[in-house]
Amino acid sequence: MTADARPRWVAAGLAILFAVLALASGLDRYSGHEPAAVRLVPAPFRSDAARMASYLAAVRGDTSGALAQARLAVRHDPLSSLNVGALAVTSGASGQRGAAHDAFAVGHLLGWRHVLTQQYLFEINLAEGSLGAAARSLDAILRARSDLVLVHDLLGRLEQAPGGREALVTRLRGDPAWAALYLTAFQSDDAV
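Residues numbered from 1 in each chain as written. Predicted model: local features only at pLDDT ≥ 70, side-chain atom pairs only at ≥ 80, totals over all residues. Heavy atoms only, no water.

*Asks:* Describe the overall build of the protein, listing the residues and the values that go with them.
*Replies:* Broken down by element type, the protein carries 10 helices and 0 strands. Of the regular secondary structure in the protein, the N- to C-terminal order runs α-α-α-α-α-α-α-α-α-α. Counting only C-alpha atoms, the protein reaches 85 × 35 × 25 Å along its principal axes. Taking all contacts inside the protein whose residues are at least 6 apart in sequence as the whole, residues at least 24 apart take part in 43%. Counting only carbon and sulfur atoms, one obtains 60% of the accessible surface of the protein, whose full area is about 11100 Å². The average position of the 18 basic charges and that of the 17 acidic charges among the side chains of the protein differ by 9 Å. (Helix = DSSP H or I, 4+ residues; strand = E, 2+ residues; numbered from the N terminus. Contact = heavy atoms within 4.5 Å. Areas by Shrake-Rupley, 256 points an atom, 1.4 Å probe, with all protein chains shown as cover. Lys, Arg positive; Asp, Glu negative; His and termini not counted. Charge placed at Lys NZ, Arg CZ, Asp CG, Glu CD.)

*Asks:* I'd love a proper account of the pattern of salt bridges, names of residues and values included.
*Replies:* Tallied over the full model, the rule gives 5 salt bridges. Residues Asp147 and Arg145 are paired through a salt bridge, measuring 2.9 Å at the closest nitrogen-oxygen approach. Residue Arg157 pairs with Asp153 through a salt bridge whose shortest N-O separation is 3.7 Å. On the criterion of helical spacing, the pair formed by Arg157 and Asp153 is a turn pair, its members being 4 residues apart in helix α8 (residues 150-160). Among the residues examined, Asp153 registers a relative accessible area of 42% and is labelled partly exposed. (Salt bridge = Lys/Arg side-chain N within 4 Å of Asp/Glu carboxyl O. Buried < 20%, exposed > 50% of the residue type's maximum accessible area, 1.4 Å probe, protein only.)

*Asks:* Provide a residue-level description of a nonpolar patch on the surface, including the pertinent values.
*Replies:* Taken together, the side chains of Val10, Leu14, Leu17 and Leu21 define a hydrophobic patch exposed on the protein surface, amounting to about 360 Å² of accessible area. Tracing the backbone shows Leu21 in helix α1 (residues 5-31). Judged by its relative accessible area of 38%, Leu21 falls in the partly exposed class. (Patch = residues over 30% accessible without salt bridge, like charges linked within 9 Å, V, L, I, M, F, W, Y side chains within 5 Å.)

*Asks:* For the side chain of Ser80, give the residues involved together with the corresponding values.
*Replies:* Note that Ser80 resides in the loop between α3 (63-76) and α4 (81-93). When residues no more than four places from it in sequence are discounted, the contact partners of Ser80 are Arg51 and Leu110.

*Asks:* If you had to explain the nonpolar core to someone new, which residues and values would you point to?
*Replies:* Soluble globular proteins tend to bury their nonpolar side chains together. One finds Phe122, Leu126, Leu138 and Leu158 to be the most contacted residues of the largest nonpolar core, which totals 18 residues. Listing elements by their share of this core, those giving two or more residues are α6 (115-128), α7 (131-145), α8 and α9 (164-173). Considering every element that reaches this core, the biggest residue donor is α7, with 6 residues. Leaving out residues up to four positions away in the same chain, Leu126 has contacts with Leu131, Ala134, Arg157, Leu158 and Ala161. One finds Ala70, Val74, Val84 and Ala86 within the second-largest nonpolar core, a separate group that totals 9 residues. (Core = buried A, V, L, I, M, F, W, Y, C linked by side-chain atoms within 4.5 Å.)

*Asks:* Please set out unusual backbone geometry residue by residue, giving values where relevant.
*Replies:* A positive phi angle, near 50 degrees, is found at Asp175, a position not held by glycine. Relative to the assigned elements, Asp175 resides in the loop between α9 and α10 (179-184). In this structure Asp175 comes out as exposed when scored by relative accessible area, which is 60%.

*Asks:* With reference to specific residues and values, describe the packing of helix α5 (residues 97-110) against α6.
*Replies:* Two elements in contact, α5 and α6, have axes whose closest approach is 9 Å; the angle formed by their N-to-C orientations is 115 degrees. Note that α5 runs across α6; the crossing there is left-handed. When α5 is examined against α6, the residues His101, Phe104, Gly107 and His108 are found in contact with a partner set consisting of Leu116, Thr117, Gln118, Tyr120, Leu121 and Ile124. When its residues are assigned to classes, the contact of α5 with α6 shows 5 nonpolar, 5 polar and no charged. (Axes fitted to C-alpha atoms, helices over the stretch in contact; angles between N-to-C directions. Left-handed = near helix turned anticlockwise from the far one by under 90°. Nonpolar A, V, L, I, M, F, W, Y, C, P; charged D, E, K, R; others polar.)

*Asks:* Summarise the environment of Gly92; cite the residues concerned and give the values.
*Replies:* Within the fold, Gly92 resides in helix α4. Judged by its relative accessible area of 31%, Gly92 falls in the partly exposed class. C-alpha separation for the pair Gly92 and Ala15, spaced 77 residues apart in sequence, amounts to 44 Å.

Structure follows, in structure tokens:
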């Protein structure tokens, strides 16, 4: 091999390596939306794939498998609020309430719009009577996913709590994107 050819071979080798890594990472991201792709993802890249495997295990009723896969997902991408949320939910489902609370607290720091984390915070704040904080969590859920059936229940519970309507009005004064939907589409009684 001549000295002139060596840099080209190194560049070609690096390009192939980059393509393989990009393909593996892309498969992992794809597996987050397509469960059938989970088995195709190489082990070092299993962040989204592990989270999806955790969801699938939970659906099958395999709590310990779901927890193991959620832990693996967090190990591969500890800054993903989705992975931390999956760990929080599976920890709670396996009876580890302290670990679930800690994971939800970390998930809250990583992202405001993770629905499961905000639902957890909503439940805690509503139970404690911190209606402003509960309304803030509900606002985050509505900004992320106003199409969820869950929001009707959460809105109804906040509306029925003493002082809940006032907390909701405070959020509506900020003219959030979901205000028109709430005022026209959500089903409430005339008093609300």
